[in-house]
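# A look at the structure
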Amino acid sequence: MSFDFSINPVNHPLSAEFVAKFRDVSSPVANDCYGRRNIMNAAIKPVRKGMRICGRAVTVSMPPDDNLMMHAALHSAEPGDIIVANTSNDRFSGVWGELMTRAAMSRNLGGLVLDGMCRDSDWIAQSGFPVFSCGTCARGSRKEGPGHVNIPVACGNVVVNHGDIIIGDDDGVMVIPHQDAEALLPLCLDKLAKEAGRIESINSGSAKPSWLMPALEGWQSR
């Protein structure tokens, strides 16, 4: 096997049932609970407002202007999986379009995140299939390789490993390393509960947070 070409099997360390427990967790909540780390570059955005992803990563590494490995990943991924692709920051070709979206939908995949460009964006937006990219480019790409499936990749300045949890929404794309997910889940759920209580207080007229005065008094005492 060439060092320039590898397709590693899907072997997720986390069950789909466990990952589903993060479905109500937004990217800001996950990011706060993970120490404000692992949020992708803000250039990566959904092709349409309101799109959301939550699933396990199937990773792709490929050279610019080539989507061969994207096709390989598409047909290796399991239902609900999120394809996360390093395109070598390609801005000159659309490596994902309508036909690939149709194929992904037929396989019930959970979405796509890439540090490059897509095309057929209007059709994708109307389809509802969640695609997060840096923008659009009408120019197509080659299918020659090389590349890799399911190796560690960098996407949006964040390292992503096969099986990591990907949460994406209008605020950004968050990567939760699979080895940290079990410890992070209760922190996220606790924050959601606290925020719900805070919203209830705001709605009842108690707008001042409990931490504000102690923080101000701390500054005054310095």
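Residues numbered from 1 in each chain as written. Predicted model: local features only at pLDDT ≥ 70, side-chain atom pairs only at ≥ 80, totals over all residues. Heavy atoms only, no water.

## What to know about the overall build of the chain
Convention followed: Helix numbering and strand numbering both begin at the N terminus, where a helix is a DSSP run of H or I of at least 4 residues and a strand a DSSP run of E of at least 2. With a 1.4 Å probe rolled over the protein chains alone, any residue whose accessible area is under 20% of its type maximum counts as buried; one over 50% counts as exposed, and the rest are partly exposed. In what follows, a contact means two residues having at least one pair of non-hydrogen atoms within 4.5 Å. Surface accessibility follows the Shrake-Rupley procedure with a 1.4 Å probe radius. Residue values consider only the protein chains on display as shielding. A residue counts as positive if it is Lys or Arg and as negative if it is Asp or Glu; His and the chain ends are not included. Lysine's charge is taken at NZ, arginine's at CZ, aspartate's at CG and glutamate's at CD.
Helices and strands together make up the secondary structure of the chain, namely seven helices and 13 strands. Looking at the chain as a whole, 46% of its 222 residues are labelled buried. Residue pairs in contact within the chain that sit at least 24 positions apart in sequence constitute 77% of those at least 6 positions apart. Summed over all atoms, the accessible surface of the chain reaches about 11,200 Å², with 53% contributed by carbon and sulfur. Taken together, the 21 basic and 24 acidic charged side chains of the chain have centroids lying 4 Å from each other.

## Some points on the pattern of salt bridges
Here the idea is simple: oppositely charged side chains can pair when their charged atoms come close. Test applied: The term salt bridge refers to a pairing of a side-chain nitrogen on Lys or Arg with a carboxyl oxygen on Asp or Glu at a separation within 4 Å.
For the structure on display, the rule yields 11 salt bridges. Residues R52 and D169 are paired through a salt bridge, measuring 3.5 Å at the closest nitrogen-oxygen approach. Here R52 is found in the loop between β2 (45–46) and β3 (53–61), whereas its partner D169 is found in strand β12 (residues 165–169), with 117 residues between them in sequence. Overall, the relative accessible area of 31% leaves R52 in the partly exposed class. With a shortest N-O distance of 2.9 Å, R142 and E144 are connected by a salt bridge. Take E144: its relative accessible area is 58%, and that puts it in the exposed class. Residues joined by salt bridges that share partners form a network here, namely D65, D66, R139, R142 and E144.

## As for the nonpolar core
Counted only if it meets this: Residues grouped as a nonpolar core are buried Ala, Val, Leu, Ile, Met, Phe, Trp, Tyr and Cys residues, joined through side-chain atoms within 4.5 Å.
Within the largest apolar cluster, 25 residues are counted, with the highest numbers of intra-cluster contacts made by M70, I83, W96, L112 and V131. In terms of residue count, helix α3 (residues 68–74) provides more of this core than any other element does, five residues in total. Apart from the residues lying within four places of it in its own chain, the contact partners of W96 are M70, L74, I83, T101, A104, L112, M117, C118, R119, I124, F129 and V131. One finds V29, C33, I165 and A181 within the second-largest nonpolar core, a separate group that totals 18 residues.

## A look at helix α6 (residues 181–203)
Each α-helix winds once per 3.6 residues, and so residues spaced three or four apart point in a common direction. Short version of the rule: In a helix, the anticipated span is given by 1.5 Å times the number of residues less one.
Taking 1.5 Å of rise per residue, the 23 residues of α6 would be expected to cover 33 Å, and the 32 Å separating its terminal C-alpha atoms lies within 8% of that figure. Where α6 is concerned, the buried positions are A181, L184, L185 and C188. Just downstream of α6 lies G205, where phi reads positive at about 105°.

## What to know about the side chain of D66
The criterion, for reference: By the criterion applied in these results, polar contacts are pairs of N or O atoms within 3.5 Å in which, for protein atoms, one can donate a hydrogen and the other can accept it, and in which residues neighboring in sequence qualify only through two side-chain atoms.
Examined against the element boundaries, D66 turns out to sit in the loop between β3 and α3. Within the structure, D66 has its side chain in polar contact with the backbone nitrogen of L68 (distance 3.0 Å). With near-sequence residues (within four places) excluded, D66 lies in contact with V95, S141, R142, K143, E144 and G145.

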